[in-house]
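Listed here are the chains, written in short residue letters.
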Amino acid sequence: MPFTITTPDGASLCARDWTAAGEAWLGLVIVHGAAEHAGRYEAVGRRLAEAGIDVRAYDQRGHGASSGRRGDVERWTDYTGDVGRMVEAYPSAAAGLPIALLGHSMGGLIVLDAVLTGVATPDLLVLSAPGIGDGLPAWQHALAPLVARVWPTLTLANGWGPEDLSRDPAVGAAAASDPVQLERATVRLGALGFGAQERVRAAVADLELPTFVVQGGQDTLVPPAATEVLGHLPGVTRKLYPALRHETLFEP
């Protein structure tokens, strides 16, 4: 059952929990990607709970049922700050359980930025196709910050289609017909995301947490080459599934 978490600056974040079957051995916070929402992770949350994991997922600002302009954020630190608060305030942490963060795509970028800047202090990381790079042309990276200065709330259509998500056509069809799934995002969000990519890539060698990275070899949204650097870090295990696409958690 969804519930609301109110942040210190007054934002309302829609969250949902899946309680571990039996005695929990881990608490996990899921941070979703761009345009999506926590409700898409219902099957994931249930399966992890069956494995003895307490799971919490939440709609990021401007996504799903959370507050904020759709597909926008005023400050990137709003995203990373929410991650830090989710880890710190998670009841499983008070119970003494280790806490893991699972970030998908843009969520993986946000999670890495929060950890590398010391805003979030989990015990473990799981990254699904973390968006530390993308398949967008260089001119978009150069132009977005300039446009964002004069028209930050200009929205552009997402540059991917249902077929990019999973080999399972039902996944793409469900996303395309989902009334909560976003079809557009602001130039400001894009510019802030590009800046976060540069910042994370420059600092990623400092990552010290035990980390598992999973990605599909047919990912067209986050090129597999973009995450290769993570696989060379001590304490990081990177698993590439050659036939899978962007959403490994939603593959057959």
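See above for the structure.
So, here is what we can say about the structure in this document. Please read all numbers here as calculations on a predicted model, not as lab measurements.

**Things to note about helix 2 (residues 76-89)**
Across its 14 residues, helix 2 extends 20 Å between first and last C-alpha, which sits within 8% of the 20 Å expected from 1.5 Å per residue. Extensive coverage of helix 2 is indicated by the burial of 10 of its 14 residues. Within the sequence span of helix 2, burial applies to Trp 76, Asp 78, Tyr 79, Thr 80, Gly 81, Asp 82, Val 83, Gly 84, Met 86 and Val 87.

**What about the sheet that holds strand 5 (residues 99-104)?**
Across the sheet, 8 strands lie side by side as 1-2-4-3-5-6-9-10; this open sheet has mixed pairing. The sheet is open, and its two borders are formed by strand 1 (3-6) and strand 10 (236-241), each paired with just one other strand. Here the strands of the sheet are splayed against their neighbours by 20 degrees on average, with no regard to which way each runs. Alignment of strand 2 (residues 12-18) against strand 4 (residues 53-58), held across 4 bridges, turns out to be antiparallel.

**Here we look at the nonpolar core**
In terms of nonpolar packing, the biggest core is built from 35 residues, with Tyr 58, Trp 76, Val 83, Leu 101, Leu 125 and Leu 230 touching the most fellow members. For this core, the secondary-structure elements that each account for two or more residues are strand 2, strand 3 (26-31), helix 2, strand 5, helix 4 (106-116), strand 6 (124-128) and helix 7 (187-203). Top element by residues in this core is helix 4. It accounts for 7 residues. Excluding anything up to four places from it in sequence, Trp 76 contacts Met 106, Leu 109, Ile 110, Asp 113, Leu 189, Leu 192, Gly 193, Ala 196 and Arg 199.

**Overview of the side chain of Thr 7**
In this structure, Thr 7 sits in the loop between strand 1 and strand 2. Taking relative accessible area as the criterion, Thr 7 reaches 7% and is therefore assigned buried. Only 2.3 Å separates the side chain of Thr 7 from the side chain of Asp 9, close enough to count as a polar contact. Leave out the neighbours within four places in its chain, and Thr 7 touches Leu 13, Arg 61, Asp 82 and Arg 85.

**Things to note about the pattern of salt bridges**
Under the criterion given, the structure shown has 14 salt bridges. Between Asp 113 and Arg 199 there is a salt bridge; the shortest N-O distance is 2.7 Å. Linking Asp 113 in helix 4 with Arg 199 in helix 7, this pair joins segments that are 86 residues apart in sequence. The buried category is assigned to Asp 113, whose relative accessible area is 3%. If you follow the salt bridges from partner to partner, you end up with Asp 9, Arg 61, Glu 74, Arg 75, Asp 78, Asp 82 and Arg 85 in one network.

Conventions and cut-offs
Residues numbered from 1 in each chain as written. Predicted model: local features only at pLDDT ≥ 70, side-chain atom pairs only at ≥ 80, totals over all residues. Heavy atoms only, no water. Helix = DSSP H or I, 4+ residues; strand = E, 2+ residues; numbered from the N terminus. Expected span 1.5 Å × (residues − 1). Buried < 20%, exposed > 50% of the residue type's maximum accessible area, 1.4 Å probe, protein only. Pairing = 2+ DSSP bridges. Axes fitted to C-alpha atoms, helices over the stretch in contact; angles between N-to-C directions. Core = buried A, V, L, I, M, F, W, Y, C linked by side-chain atoms within 4.5 Å. Contact = heavy atoms within 4.5 Å. Polar contact = N/O pair within 3.5 Å; in protein donor to acceptor, adjacent residues only side chain to side chain. Salt bridge = Lys/Arg side-chain N within 4 Å of Asp/Glu carboxyl O.

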